[in-house]
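Residue strings, one per chain:
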Amino acid sequence: MERRLIQTEESREDLVYEPKIRPKMLSDYIGQEKLKEMLSIYIEAAKKRKQSLDHCLFYGPPGLGKTTISNIIANELGVNCKITSGPAIEKPGEMAAILNSLSEGDVLFVDEIHRLNRQVEEVLYPAMEDFAIDVLLGKESSTRSLRLELPHFTLIGATTRAGLLSAPLRDRFGIISKLEFYKKEELTKIVLRSAKVLSVPIEEDGAKSIAMRSRGTPRLANRLLRRIRDFADVKYEGVITKDVAEESLDLLNVDKLGLDQNDRAYLTAIVDKYSGGPVGLETLAVSLGEDSGTVEDMIEPYLLLQGLIDRTKRGRVATESAYRHLGLVQ
């Protein structure tokens, strides 16, 4: 399996461990039940007709399993999966070369697809619809167009910001699905499964404690599991119990809602600097020393899910729940 570019959000350690703990088939995948049911039908239908699967677009916050699902689709179809990302492809010729390297039925996964530039994006239009690309040969007056036929393939796009996709590109996807945050019960199962794969001794109550503070995100749950394993090995007896997990999470500055230092800094900024809001995104991002896209994609989705902030026309507002969580009201 070729990996042209690995996701930039993942740490170096994630790249070592995630291939081990990622499920390979739909039957092993935990959570996203509705999506799994639909995908199983689409995949079975494509295999029955001996055709490539329709192009898929998955969107949602980071860490919910978009890359994992893409690899599972390729495994279920019995084909190769080539991985790249929007920012990595700068020229139309680079996209054409990638498309031309695909074999019949292959999956091409493009992460952060909303960051493709327009010239590269236009190469995808005929490729997705007609499985062909137009190549320009010669220069100036002697320029001529040559249509190059492509094998039938499945393009899987992933994005954290679906609203930034152009309408022509979005409309060419036959399957569009949003990945939802995971329930605590699902995350507990994921933590127990990952612990088993990594040979980490853990009790179910310990797994539940990790799940409760994982922000509904499998990637974070697995990352916390590895960190707590370190604490368990060095400070405790090697087994992750409820007490070990909670003490370790407190040391990692992850509170009982799963908020970390960045989340609390965000809430504190709204409450202390801007009297609870409303405050604009750009202003808030500057006060935090963060990019507005990072704030919008990485911090706000979970705070909105927990009801700690509201987005209004005038800006962001801290809710009563935020004041209560920060210990400012009873």
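What you see is a predicted model; the values in this text were computed from it and never measured. (Residues numbered from 1 in each chain as written. Predicted model: local features only at pLDDT ≥ 70, side-chain atom pairs only at ≥ 80, totals over all residues. Heavy atoms only, no water.)

## Quick word on the pattern of salt bridges
Definition in use: Salt bridge criterion: a side-chain nitrogen from Lys or Arg within 4 Å of a carboxyl oxygen from Asp or Glu. Numbered from the N terminus, helices here are DSSP runs of H or I no shorter than four residues, and strands are runs of E no shorter than two. Think of it in three bands: residues with accessible area under 20% of the maximum for their type are buried, residues over 50% are exposed, and the middle band is partly exposed, with areas taken using a 1.4 Å probe on protein chains only.
Taken as a whole and judged by the stated rule, the model has 11 salt bridges. As a salt-bridge pair, R213 and D250 come within 3.0 Å of each other at their nearest N and O atoms. In this pair, R213 sits in the loop between α8 (204-212) and α9 (218-235) while D250 sits in helix α10 (residues 242-251), placing the two residues 37 residues apart along the sequence. A relative accessible area of 3% means that R213 is categorised as buried. In this structure D250 comes out as partly exposed when scored by relative accessible area, which is 46%.

## A word on the sheet that holds strand β3 (residues 107-111)
Which entries qualify depends on this criterion: Here, strands pair whenever DSSP counts at least two bridges between them. Angular values range over 0 to 180 degrees, each being the angle between N-to-C directions of two axes fitted as lines to C-alpha atoms, with helices fitted over their stretch in contact. Every residue pair with non-hydrogen atoms within 4.5 Å of one another is taken to be in contact.
On the basis of which strands lie adjacent, the open sheet formed by five strands has the order β2-β3-β6-β1-β7 and parallel pairing. In this open sheet, the two edge strands, each paired with only one partner strand, are β2 (81-85) and β7 (175-178). The average angle at which neighbouring strand axes cross in this sheet is 15°, direction not considered. Bridge count for strand β1 (residues 56-59) against β7 is four bridges, and the pairing is parallel. Its bridge partner being in β7, Y59 is matched across the sheet by K178. The strands that helix α3 (residues 66-77) touches are β1, β2, β3 and β6 (154-159); relative to β3, the one it contacts most, it runs at about 175°.

## Here's the deal with the packing of helix α2 (residues 33-49) against α3
To describe two helices that pack against each other, one gives the angle between their axes and the distance between the axes. Cut-off, in case you're wondering: Two helices that cross are described as forming a left-handed crossing if the nearer one is turned anticlockwise from the farther one by less than a right angle, and a right-handed crossing if clockwise. Residues are grouped as follows: Ala, Val, Leu, Ile, Met, Phe, Trp, Tyr, Cys and Pro are nonpolar; Asp, Glu, Lys and Arg are charged; every other residue, Gly included, is polar.
It is at 10 Å that the axes of α2 and α3 come closest, and there the two elements cross at 35°. Judged by the twist between their axes, the crossing of α2 over α3 is right-handed. Residues L35, L39, I43 and K47 of α2 touch α3, and the partners they reach there are I69, I73, E76 and L77. Residues that form the contact of α2 with α3 fall into these classes: six nonpolar, no polar and two charged.

## Observations regarding the packing of aromatic side chains
Inclusion rule: Stacked, edge-to-face and tilted are the three classes for Phe, Tyr and Trp ring pairs, Trp counted by its six-membered ring, which pair at centre distances within 6.5 Å; planes under 30 degrees apart are stacked, over 60 edge-to-face, the rest tilted. We call a charge positioned over a ring when the NZ of a Lys or the CZ of an Arg lies within 6 Å of the ring centre and within 35 degrees of the ring normal.
Considering all chains together, one arrives at two aromatic pairs under this definition. Plain terms: the ring middles of F131 and F153 are 5.6 Å apart, the flat faces sit at 85° to each other, and that makes the pair edge-to-face. With a gap of 22 residues between them, F131 in the loop between α5 (118-130) and β4 (132-137) and F153 in the loop between β5 (144-149) and β6 connect regions that are remote in the sequence. Classification of F153 as buried rests on a relative accessible area of 1%. Ring geometry for F181 against Y302: centres 6.1 Å apart, planes inclined by 70°, an arrangement best described as edge-to-face. Of this pair, F181 sits in the loop between β7 and α7 (184-197) while Y302 sits in helix α13 (residues 292-305), and the two are 121 residues apart along the sequence. Overall, the relative accessible area of 22% leaves F181 in the partly exposed class. Above the face of the Y125 ring, R172 is positioned so that its terminal group lies 4.2 Å from the ring centre.

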